[in-house]
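Letter by letter, the chains look like this.
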Amino acid sequence: MPNRTGGFENGSVKIAFTRTAGPGTSASARLEPHTRMLAMPRRFRLLLAALAFAALAWLLFAAAERALALAQRFLQLPAWLQWTLGTALGLFALAGLSVLWWLLRPRRARRPVAAPDRPTLERRIGQLQERGADTVALTGELSELDRRRATERVYMALFGEVSTGKSTLVRALAPHAVAPSDVRGGTTRQVLHVDAVLPDGRTLTLADVPGSREAGGAAREAMAREEALRSHVVAYVCAGDLTRTQAQEVRWLAAFGKPLLVVLNKADQWNETERARLLRRLRDQVGADAADVIAVSAGGSERFLRQLPDGSTEQVERQRKPAIEPLAEAVARLAAPGPGGLEPQRERAVLAGLHERVGVLETQTRAAEAERIVRRYARRAVVGALAAIAPGSDLVIQGALAAALTRELAHLYGVPASDVQIEDFVRQARLTLRTGSSLVLAIAGNALKAFPGLGTLGGGVLHAFAYALIFDSLGRALAASLAERKTLDQADAAEKLKGLLADGNGARVKELAALTMEALKEREA
Ligand SMILES: Nc1nc2c(ncn2[C@@H]2O[C@H](COP(=O)(O)OP(=O)(O)OP(=O)(O)O)[C@@H](O)[C@H]2O)c(=O)[nH]1
Ligand SMILES: [Mg+2]
């Protein structure tokens, strides 16, 4: 239960939440309903209403007459036709009613996002570690999950777009907090924690996080999202109607199934009618996603000009009085189950977030591994080409090498591939290459011009470089296709291979030329 003035206690200090003075008047004129209708003479309006009523009565009468005529004709029909028509009409009515029900049915809160169990996640993180990926942040997240559980506190994060007043709200909720990292003014750059005490005596740790949708603040936004997942309760702070992106953020938060509050801050900016209308609209927008939608005023500072006795003026900055009683009450209510009661949802949210992050790291790690494999094979192809005594004018993919590359990449992406499938795949790649052979040689010739002296080394080097290009293109095309389709899709890989074979620009070609040079130097040494 919040204290008499609506706040929590903070340590031994009582926090008082007071209401701000009455409504503003600034925008009230815009809301006054004044239409031209009201300006019409009363008699004229009565006449219009009588006419409309007569038209409606006539329509109803006509419809009833038509229905009776139809019923009579229906009764004169043979029995089998009556049954057929009756059944069709019945089905039609049923379909109509189902559509109506579907449109008007009460919306249930969505089921929370699926989260993998902890052992599965730990196993995946272990595998990533074995592959040399940096998993410190992921294991750190699991330790933090355990650490917070052990503290037996309720955690609440204030999340929302920049400048909606999150930090001011935290200050208002815990004005006397002596936190290890106190909440500062200005744009929040990192997650800050401040403690307050809930009415039942338990500690409520408030997390002030960086605002989302800040230009160039993607990393800070990720930090804020992670913190929102780590908390038991989330307050989504806004300062007006929800934009489309804000509504998406609310949906994203709600999907984790944790208690969610939507807090309309800066309520002092509107009069009572406007505030009620905004709250109604917000409730419509969030539906069952939020446990509650409330309006508060965190306070913040305001500037005004003060007239001095000598006639001059000076700028004064003054703190507005916070009015956050509804928030204090809602938080007390939502936190009532205590850390134990709220922990399962929190754990699921953290695990679901980790599942996503592990997935991203798995993709990155695999892509890096694929790149290493492709590079190794491109080098082998160069060495093989340099060893060939007389290069022909046709480029033919070195079959055994291409098959080994395909096998290794399929294994990396966990795609089963039989020898027959691999052979088929290499055959298809040869066909694709046949049409692009001259293009590859032209690209190779062009790129080698950047390396003085190479031109004199003759066709051997040109062919070797062409093979570097071919194997690099083949490997990259296959890796991209395997990552996307999770199967050995010849047509898709061939399409990608065509594109890469024709790509003669950029750093890739330069790198491959350097790789050819290296192999050549090694051979000479
Ligand atoms: N009128 C009014 N202004 C407020 C209120 N609360 C905060 N403000 C003002 O809004 C501005 C932003 O407040 P902050 O608390 O820094 O907002 P924030 O959400 O923490 O911002 P970021 O950390 O950048 O995401 C400041 O100028 C506050 O004075 C309020 O209730 N009413
Ligand atoms: Mg802030």
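Residues numbered from 1 in each chain as written. Chains lettered and ligands numbered in written order. Predicted model: local features only at pLDDT ≥ 70, side-chain atom pairs only at ≥ 80, totals over all residues. Heavy atoms only, no water.

Enquirer: What's the story with the side chain of T406 in this structure? I'm lost.
Expert: Counting through the fold element by element, T406 comes out in helix α13 (residues 399-412). One polar contact links the side chain of T406 to the main-chain carbonyl oxygen of A402, over a distance of 2.7 Å. Residue contacts for T406: discarding those within four places in its chain leaves I422, F425, V426, L478 and L488. (Helix = DSSP H or I, 4+ residues; strand = E, 2+ residues; numbered from the N terminus. Polar contact = N/O pair within 3.5 Å; in protein donor to acceptor, adjacent residues only side chain to side chain. Contact = heavy atoms within 4.5 Å.)

Enquirer: How do you make sense of the site of ligand 1 when you look at a structure like this?
Expert: Of all residues adjacent to ligand 1, which total 21 residues, the nearest are K166, S167, T168, T188 and D268. Contact between ligand 1 and N265: an oxygen atom at 3.3 Å from a side-chain N or O atom of the residue. Considering ligand 1 on its own, with 650 Å² of exposed area, one finds that the protein chains cover 86% of that surface. (Near = heavy atom within 4 Å. Areas by Shrake-Rupley, 256 points an atom, 1.4 Å probe, with all protein chains shown as cover.)

Enquirer: What is the right way to look at helix α3 (residues 42-76) in this model?
Expert: Three- or four-residue spacings in an α-helix give side chains the same orientation, since the helix completes a turn every 3.6 residues. Taking 1.5 Å of rise per residue, 35 residues should cover 51 Å, and α3 covers 52 Å from first to last C-alpha, within 8% of that figure. Among the 35 residues of α3, zero are classified as buried, and the element is accordingly described as predominantly exposed. (Expected span 1.5 Å × (residues − 1). Buried < 20%, exposed > 50% of the residue type's maximum accessible area, 1.4 Å probe, protein only.)

Enquirer: Please clarify how the coordination of the magnesium ion (ligand 2) should be interpreted in this entry.
Expert: Binding of the magnesium ion (ligand 2) to the protein goes through S167 (OG) and T188 (OG1), at separations of 2.0 to 2.1 Å. One end of the pair, S167, is in helix α7 (residues 166-173); the other, T188, is in the loop between α7 and β4 (192-197), and 21 residues separate them in sequence. Grouping residues by exposure puts S167 and T188 together as buried. (Donors = N, O, S within 2.8 Å, 3.2 Å for Na, K, Ca; no water.)

Enquirer: Explanation requested: the packing of aromatic side chains in the structure shown.
Expert: Both the distance between ring centres and the angle between the ring planes are used here to describe each pair of aromatic rings. Taken as a whole and assessed by the stated rule, the structure comprises three aromatic pairs. Plain terms: the ring middles of F159 and W252 are 6.4 Å apart, the flat faces sit at 35 degrees to each other, and that makes the pair tilted. You can see F159 sitting in strand β3 (residues 154-160) and its partner W252 sitting in helix α9 (residues 244-254), a full 93 residues away along the chain. Overall, the relative accessible area of 0% leaves F159 in the buried class. Pairing W252 with F256 gives two aromatic rings, centres 5.2 Å apart and planes at 80 degrees, and the pair type is edge-to-face. W252 gets classed as partly exposed once you look at its relative accessible area, which sits at 22%. Among the aromatic residues, ring-to-ring pairing joins F159, Y236, W252 and F256 into one connected group. (Phe/Tyr/Trp six-rings, centres within 6.5 Å; stacked < 30°, edge-to-face > 60°.)

Nothing here speaks to function; it is geometry throughout.
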